[in-house]
Amino acid sequence: MSAQTRRPGPQRPRGSNSIQASRQVAFGVLMAVDADDAYANLLLPHDIRRAKLAQGDAALATELCYGTLRRRGHYDAIIEHASHRPIGQIDVPVRNSLRLGAHQLLAMRVAPHAAVNESVALARKHASQSSAGFVNGVLRTISRDDDETWTALLRAGVTNDSEALAIEHAHPPWIVRAFGTALESEGRGEELEALLAADNDAPRVNLVALPGEAAVPENAEPDRYSPVGFRLGAGDPDAVVGGSDGTLRVQDEGSQLAALMLSRVSPVEPGERWLDLCAGPGGKSALLAAEAAIGGATLDANEVTPARADLVRRAVKPFDDIVDVHTSDGRDVGSRHPNTYHRVLVDAPCTGLGALRRRPEARWRKQPSDIAELSALQAELLRSAIDAAAPGGTIAYVTCSPHLGETRAIVGDVLRRMKETVTAINAPDVLRSIVGDIDLGEPDPTRSPAIPNVQLWPHRHGTDAMYVALLRKADF
Ligand SMILES: C[S@@+](CC[C@H](N)C(=O)[O-])C[C@H]1O[C@@H](n2cnc3c(N)ncnc32)[C@H](O)[C@@H]1O
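Residues numbered from 1 in each chain as written. Predicted model: local features only at pLDDT ≥ 70, side-chain atom pairs only at ≥ 80, totals over all residues. Heavy atoms only, no water.

## Section: helix α1 (residues 21–36)
Compared with an ideal rise of 1.5 Å per residue, which puts 16 residues at 22 Å, α1 spans 22 Å between its outermost C-alpha atoms and is within 8% of the ideal. Of all 16 residues in α1, 14 are buried, a share of seventy percent or more. (Helix = DSSP H or I, 4+ residues; strand = E, 2+ residues; numbered from the N terminus. Expected span 1.5 Å × (residues − 1). Buried < 20%, exposed > 50% of the residue type's maximum accessible area, 1.4 Å probe, protein only.)

## Focus: the sheet that holds strand β4 (residues 248–250)
Taken together, the four strands give an open sheet; going across it, the order is β2-β3-β1-β4, and neighbouring strands pair in antiparallel fashion. What marks the edges here is a single partner per strand, and that holds for β2 (221–222) and β4. The sheet contact formed by strand β1 (residues 207–209) and β4 spans three bridges and is antiparallel. By the bridge assignment, valine 208 is partnered in β4 with arginine 249. (Pairing = 2+ DSSP bridges.)

## Some remarks on the domain arrangement of the chain
Along its sequence, the chain is carved into domain 1 (3–147) and domain 2 (207–473). For domain 1 versus domain 2, the separation of C-alpha centres amounts to 37 Å. Contacts between domain 1 and domain 2 engage 13 residues on the former and eight residues on the latter. On inspection of domain 1 and its partner domain 2, the count reaches one salt bridge. Put simply, aspartate 37 and arginine 365 hold a salt bridge, and the shortest N to O gap is 3.6 Å. Taken together, domain 1 and domain 2 are joined by seven residue pairs in polar contact (both at pLDDT 80 or more). Within the side of domain 1 that touches domain 2, the residues separate by chemical class into six nonpolar, three polar and four charged. (Domains from an automatic or database assignment. Contact = heavy atoms within 4.5 Å. Salt bridge = Lys/Arg side-chain N within 4 Å of Asp/Glu carboxyl O. Polar contact = N/O pair within 3.5 Å; in protein donor to acceptor, adjacent residues only side chain to side chain. Nonpolar A, V, L, I, M, F, W, Y, C, P; charged D, E, K, R; others polar.)

## Quick look at the site of the ligand
Contacts to the ligand come from 22 residues, most closely from Gly283, Glu303, Arg308, Gly330 and Asp347. Within the backbone of proline 281, a nitrogen or oxygen atom sits 3.4 Å from an oxygen atom of the ligand. Here a nitrogen atom of the ligand sits 2.7 Å away from a polar atom, N or O, in the side chain of aspartate 347. About the coverage of the ligand: the protein hides 85% of its 600 Å² of free accessible area. Among the elements of the structure, α14 (283–295), α16 (330–336) and α18 (369–388) are those that each provide at least two residues to the shell around the ligand. Looking at the shell around the ligand, its residues break down into nine nonpolar, seven polar and six charged. (Near = heavy atom within 4 Å. Areas by Shrake-Rupley, 256 points an atom, 1.4 Å probe, with all protein chains shown as cover.)

The structure is reproduced here in structure tokens:
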């Protein structure tokens, strides 16, 4: 790692030039995300433990880090304005000191002198004495106005609505447009602002109690929709999960519903064979395995990346008598095992645009070009899943993205090209049979074929923006 990208070490004693441990940890993660493409949600908990932060300091480090990363593009635009320099021309440690300072000045109730002084100290320590003066000057300029005023200033430079929303809600404009298009396709374009705002709220930790193995704890708050999901009112989720032998797991409610829509689409016949084509790290495999065990079915869980296949093995450990884990390219599974499986899940690799609220930096990393690359793979995996399905079998196509290029475009194309082989099952009806009443968008009647799919949304359902389509293979 170069001197420019060096990450700060653990907690240091405080002094006139010292930096509070929470800021040190947050800054280290910002640096690793910027310079080494690290994932904040994986690195931050590790660094908090390493620095032995007490609970309050850990919460502060989390807000500093996630808050700064979520609004990074917004702060960059303000920094460029205040410094008259493109963000890409500011050294990595200097720009991250500035971002951290900007977040404290504009979005947190931190005393301005503390926000400025600690960012200056970070720049002095991780860059140079001269950069400390630059950071001081830029942050003092930023501190003269509040976030509302800066936002109005940035907005004054744009003329179209999606760019204005992008500035206000700190999302890249192309993502705002993609979300707008997806909502409009359900006749819900007016919900765009609520969706963008929901992406900026950290989600509460959601858990699943694997059916047949564990019950929702009595003191827990049951999920709004998932019959096996819950949240903890108090208590440490890690401790609850750790003490459960793998039968209580952290899992978004939307992911639970996607797995249950496949396992409960029809009564399970003993001896059924199920396939999870893209299983890593194994969250849905674990829930499918629990459901399979109850119904007398077996599960093949496939994952192309060996390290992620190991995570699947760990996730399905309570069910190792009925689950086999394989490490194949899912695109080959259909030709190798044609007409074999009664239920197939394709939880396709996707942009993850539906889970931006839990991956703070992700929105700034994604590119529109990711869609074209992924959609070719998604289509191949879905075709392989259809080949692998037994006659009369069910295929669930799932993405954690609402981008129409990854959802309806893929399913619509398959339905058109393979209309002799597959038909769409009414997914909203299947979901309602599991959860009761739920407010879902209507399929757009102007699109052909109209696909009765399910699109969940953070702002409406409190879940990740999970997409589910169910297909039935013809019974030749
Ligand atoms: C969205 S994730 C699946 C999440 C998983 N179902 C869960 O709930 O934990 C997609 C997975 O597909 C895997 N993958 C990517 N390309 C693949 C391929 N060609 N064949 C099989 N798996 C693939 C990725 O490594 C990733 O683990």
